Amino acid sequence: MARNVTQPDLPRREQTISWRVRFGLVVLFFTAIATIVFTNKLLTDRFTETTRNRAELRLALYSGNLLSELRQSAIVPQLLARDPTLIGALNSADYQQSTQRLISFVEEIGAANLMLLDLDGRAVAATDRNVLGSPHRNEPYFVDALRATDTIFTTSARESGGFAFVYSRRIVAGTDVLGVILIEVDLQKFERAWAGISAAVLVTDSTNEIILATEPRWRGRTEEEALAAQPPQSAIERAIRATADWTALPPDAYLQGEGVMRLETRIPFRGWRMTSFTTYASVRERVNGVLALEIMGFAILLALAFYAVSRRSTVRVALFARESAELRHLNAQLQREIAERKRVEEDLAVAEQTLEQSSKLAALGEMSAAVSHELNQPLAAMKTYLAGARLLLRRNRPEEALVSFGRIDDLIERMGAITRQLKSYARKGQDALSPVNMGDALASSLSMMEPQLRQRRVVINRIIPPDAVEVMGDRMRIEQVMVNLLRNAIDATKTQDAPQVDIILSAGETATLTVRDNGPGIVDLDELFEPFYTTKQPGDGVGLGLAISSGIVNDLGGRLTARNGQSGGAVFEMQLPILDRDEITDKSKIAAAE
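## Some details on the packing of aromatic side chains
Following the criterion strictly, the structure yields 8 aromatic pairs and no others. Here Phe153 and Tyr167 contribute two aromatic rings whose centre-to-centre distance is 4.8 Å and whose plane-to-plane angle is 55°, an arrangement assigned as tilted. Here Phe153, found in strand 3 (residues 152–157), pairs with Tyr167, found in strand 4 (residues 163–173); they are 14 residues apart in sequence, far enough to count as distant. Both residues of the pair, Phe153 and Tyr167, belong to the buried class. Here the aromatic rings of Phe190 and Trp194 are separated by 6.2 Å at their centres, their planes lie at 35°, and the arrangement is tilted. Here Trp194 and Phe190 lie together in helix 5 (residues 188–194), a separation of 4 residues that amounts to about one turn. The same class applies to Phe190 and to Trp194, which are both buried. Ring pairing ties together the aromatic residues Phe153, Phe165, Tyr167, Phe269 and Trp272, which thus form one cluster.

Okay, here's the thing in structure tokens:
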């Protein structure tokens, strides 16, 4: 009786379990499909946005570097057009040292080629000796440079392929045009750098012609022509592969049959534009990796369902559970890596802002230190003159006290001039120049140093020619250089029992002021004129005097040098162009006639 009751129940129970298992498998299947589709959409959008942001950042960096190189090279022709050696070579038609002069510049500038052309357009000096003597009379960079007063930029196609980017400027001596100096900018180095990434980059000019590109065959074409130039077989194969990929994204453009992301930015230079094409390969790989993990997870769940139905051993159940735990750990680790990358990107943005602010504060601190350094000397002299004037007034000697007050008034006027002139350390000034008697300026500088000379009892030997030595410059700035040189010489003799400073003023092709001391000499000549470099004790100086003095002398067309003397001590020489009175008179007559 019992057997008859239980036997019909067994098939019914088996059918019930089979129906539930089938329903669970169907639910699991559709859940897996829905999860994969949703994950694919979510991660594809997220990774695409990340890829686009990185491509935009890379494009901004590339365009910024390109613009920086162009602007930096634009200054070179203006500087070389004033080089006295090149001007002298064009005047005398002696070009023996001109090529070597240009070669010495090209390594510091980083240009592709430097070339000096005479009025006939002939290359008389060049860093590439193969082009010496070549004619350039009909080239746009020569013709336009002779007609214009500013620097001219020209883009021209090379016979060997690619484009040449040339800045040119005419060289003028007085009112006479002597020739043209030109610099070829090396923009091909950016193409070589861009070629190391997976994205394709091109630069077009205002006529939409490609002038720079990671693909050499694109140069000289428009963007549409460049994208159309692709091997047919390769394009078909890539198109089939892109169509077969079920995670493919809507492309912005097609490059060799593959859908790519197209980004474009404007370069603020003559209507240039930069375009990049980034593939979706990285997005697909990352999305497929996550989807593979999800599919694997659902496969494991399906295996666990079959295991429960087949009542396999608990060891196998524990194995699948452990594998599931490992997958969850990998998923959590992946989420942490994504969060860490986002945090690193945010920290990078904050670091860039902090760096920009730090550079501004450093420039402000440098200028403040320069002002403090240059005002220290007049303030010390004013203190000494005030003490002397107070003593003279107590002794009822007002006339002599008035002399001290007059010197104090000159020092106050000098301090005001220093605060105006110090701007030249960061930006070149446009002050008017006038004839300066170097002997009078030296006498004024020694008067400024009179309090220190009284305290130290330094022997000063002066050798000054009987005739006046004049230069064209700013007397206040020249005295500023003299005071800095004298103060350094006096400070260098602190350890000497018999301190001595020799001052020699001579006139030849240049007006030369030599200041020699009998101190220990100079240890590091290479860093001597660098800002904030000093060998003095803390509190005695900040290392700006020689840096400022060198900038002043360079602005006046001269140079400031230093060396160690043969018998010991340091020797500083300030050389300035000698004043030609006859030339000034001729120019005045010409100006009056006009």
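## Remarks on the confidence of the model for the protein chain
A residue-level look at the protein chain finds 78% of positions with pLDDT of 70 or above and a mean pLDDT of 78. This stretch, residues 231–247, has a pLDDT under 50; its non-local contacts, to residues over four places away or in other chains, come to 17 contacts. Scored below 50 in pLDDT, residues 424–430 shows 10 contacts in the model against residues more than four places distant or in partner chains.

## Considering the pattern of salt bridges
Counting across every chain of the model gives 19 salt bridges. Among the salt bridges present, the one from Glu345 reaches Arg54, with a minimum N-O distance of 3.8 Å. Of this pair, Glu345 sits in helix 9 (residues 314–394) while Arg54 sits in helix 1 (residues 2–80), placing them 291 residues apart in sequence. Among the residues examined, Glu345 registers a relative accessible area of 41% and is labelled partly exposed. When the shortest N-O distance is used, the salt bridge between Lys189 and Glu69 registers 3.3 Å.

## Some remarks on the pairing of strand 2 (residues 123–126)
Side-chain positions along a regular strand alternate between the two faces of the sheet. Alignment of strand 1 (residues 113–118) against strand 2, held across 3 bridges, turns out to be antiparallel. Bridge pairing links Met115 to Ala126 in strand 2. Turn length for the strand 1-strand 2 hairpin, with the two strands adjacent in sequence and antiparallel, is 4 residues, and the turn residue Gly121 shows positive phi of about 80°.

## Some thoughts on the packing of helix 11 (residues 438–448) against helix 13 (residues 475–492)
Across the interface, helix 11 lies against helix 13 with an axial gap of 9 Å and an inter-helix angle of 50°. Comparing the axis directions of helix 11 and helix 13 gives the class oblique. Crossing handedness for the pair helix 11 and helix 13: right-handed. Contacts between helix 11 and helix 13 pair Met438, Asp440, Ala441, Leu442, Ser444, Ser445, Leu446 and Met448 from the former with Arg475, Ile478, Glu479, Met482, Val483 and Leu486 from the latter. Here the contact of helix 11 with helix 13 is composed, by residue class, of 9 nonpolar, 2 polar and 3 charged.

## A look at the environment of Ile578
Among the structural elements, Ile578 can be located in the loop between strand 17 (570–577) and helix 15 (581–593). We classify Ile578 as partly exposed; its relative accessible area is 31%. In this structure, the C-alpha to C-alpha distance between Ile578 and Glu470, residues 108 residues apart in sequence, is 6.3 Å. Non-local contacts of Ile578, meaning those with residues more than four positions away in its chain, are made with Val469, Glu470, Val471, Ala507, Gly508, Glu509, Thr510 and Ala511.

## Some points on a nonpolar patch on the surface
Together, Val26, Phe29, Phe30, Ile33 and Val37 give the surface a local cluster of nonpolar side chains, amounting to about 490 Å² of exposed area. Within the secondary structure, Phe29 sits in helix 1.

## Describing helix 13
Over its 18 residues, helix 13 extends 26 Å from the first C-alpha to the last, a length consistent with the 26 Å expected when each residue adds 1.5 Å. The buried count for helix 13 comes to 14 of 18 residues, which makes it a mostly enclosed element. The distance from a side-chain oxygen at the start of helix 13 to the backbone nitrogen of Met476 is 3.1 Å, and the residue carrying that oxygen is Asp474.

## Some points on the sheet that holds strand 3
Hydrogen bonding along the main chain pairs the strands of a sheet, whether they run parallel or antiparallel. The sheet built from 5 strands is open, its strands ordered 2-1-5-4-3 with antiparallel pairing. Edge positions in the sheet fall to strand 2 and strand 3, since each of these pairs with one other strand and no more. On average, each strand axis in the sheet is tilted by 25° relative to the strand beside it, whichever way the strands run. In this fold helix 4 (residues 140–147) packs onto strand 1, strand 3, strand 4 and strand 5 (176–185), with an angle of close to 135° to the strand it touches most, strand 5.

## Regarding unusual backbone geometry
Residue Asn208 is not a glycine yet carries a positive backbone phi of 65°. As for its position among the elements, Asn208 is in the loop between strand 6 (200–204) and strand 7 (210–213). Residue class for Asn208 comes out partly exposed when judged on its relative accessible area of 47%. Positioned with a positive phi, Asn396 is a non-glycine residue whose angle comes to about 60°. When you line up the elements, Asn396 lands in the loop between helix 9 and helix 10 (398–421).

## Some details on the environment of Gly161
For Gly161, the position within the fold is in the loop between strand 3 and strand 4. The class for Gly161 is partly exposed, based on a relative accessible area of 35%. Put simply, Gly161 and Arg219 are 58 residues apart on the chain and 8.2 Å apart in space, counted from C-alpha to C-alpha.

Conventions we followed
Residues numbered from 1 in each chain as written. Predicted model: local features only at pLDDT ≥ 70, side-chain atom pairs only at ≥ 80, totals over all residues. Heavy atoms only, no water. Phe/Tyr/Trp six-rings, centres within 6.5 Å; stacked < 30°, edge-to-face > 60°. Helix = DSSP H or I, 4+ residues; strand = E, 2+ residues; numbered from the N terminus. Buried < 20%, exposed > 50% of the residue type's maximum accessible area, 1.4 Å probe, protein only. pLDDT = per-residue confidence, 0-100. Contact = heavy atoms within 4.5 Å. Salt bridge = Lys/Arg side-chain N within 4 Å of Asp/Glu carboxyl O. Pairing = 2+ DSSP bridges. Axes fitted to C-alpha atoms, helices over the stretch in contact; angles between N-to-C directions. Parallel < 35°, antiparallel > 145°, perpendicular 65-115°, else oblique. Left-handed = near helix turned anticlockwise from the far one by under 90°. Nonpolar A, V, L, I, M, F, W, Y, C, P; charged D, E, K, R; others polar. Patch = residues over 30% accessible without salt bridge, like charges linked within 9 Å, V, L, I, M, F, W, Y side chains within 5 Å. Areas by Shrake-Rupley, 256 points an atom, 1.4 Å probe, with all protein chains shown as cover. Expected span 1.5 Å × (residues − 1). Polar contact = N/O pair within 3.5 Å; in protein donor to acceptor, adjacent residues only side chain to side chain.

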